[in-house]
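# Per-entry structural report
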Amino acid sequence: MAILRQSPWYQEILQEGETRGEARGSKQAAMTILLKQLTRQLGIDAVVWRQRLEALSVAQLETLAEALFDFSSEADLDDWLAQDEQVSEL
């Protein structure tokens, strides 16, 4: 088993797993913060929006977190997501 752990293949697979885990953790943290912000800023049940938000990348979630400061209603969130979805399709 020790020989296997020293192999380049094992090390590569281990590194890939760590990288994927870190990315998932970053996205989960961004989602948690954004859902709390949406609830506080707009007074909406952000869990309802979770599915649409999960489709976003970490960079998109960060951009949304900044844009949220300019939102005054749930419609603003819907408009932002619709616009972002159109840009993603291009």
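Just so you know, the residues in each chain are numbered from 1, in the order the chain's sequence is written. Reporting in this predicted model follows two pLDDT cut-offs: at least 70 for local features of residues, and 80 or more for side-chain atom pairs to be given and counted; totals over whole chains, interfaces and linings ignore these cut-offs and use all residues. With hydrogens and water set aside, each side-chain value is computed from the structure's full complement of heavy atoms.

### Digging into helix H4 (residues 58–67)
In this scheme, a residue with accessible area under 20% of its type's maximum is buried, one over 50% is exposed, and one in between is partly exposed, where area comes from a 1.4 Å probe on protein chains only. Numbering goes from the N terminus for both helices and strands, where a helix is a DSSP run of H or I of at least four residues and a strand is a run of E of at least two. Burial in H4 covers these residues: Gln60, Leu61, Leu64, Ala65 and Ala67. For H4, the arc enclosing every buried residue in end-on projection is 165°, short of the 170-degree limit, so these residues lie on one face. Taken from the helix axis, the directions to the C-beta atoms give the arc we talk about.

### Description of the environment of Ala29
With respect to the helices and strands, the residue Ala29 is situated in helix H2 (residues 8–42). Note on Ala29: relative accessible area 40%, which makes it partly exposed. In the structure, Ala29 is positioned 29 residues away from Val58 in sequence and 9.4 Å away in space, judged by C-alpha atoms.

### Brief notes about the confidence of the model for the chain
Any region with low pLDDT has predicted coordinates that should not be read closely. pLDDT measures how confident the predictor is about each residue, on a scale from 0 to 100. With 89% of its residues at a pLDDT of 70 or more, the chain shows a mean pLDDT of 83. The weakest mean pLDDT in the chain belongs to helix H1 (residues 2–6) at 73; the strongest belongs to H4 at 92.

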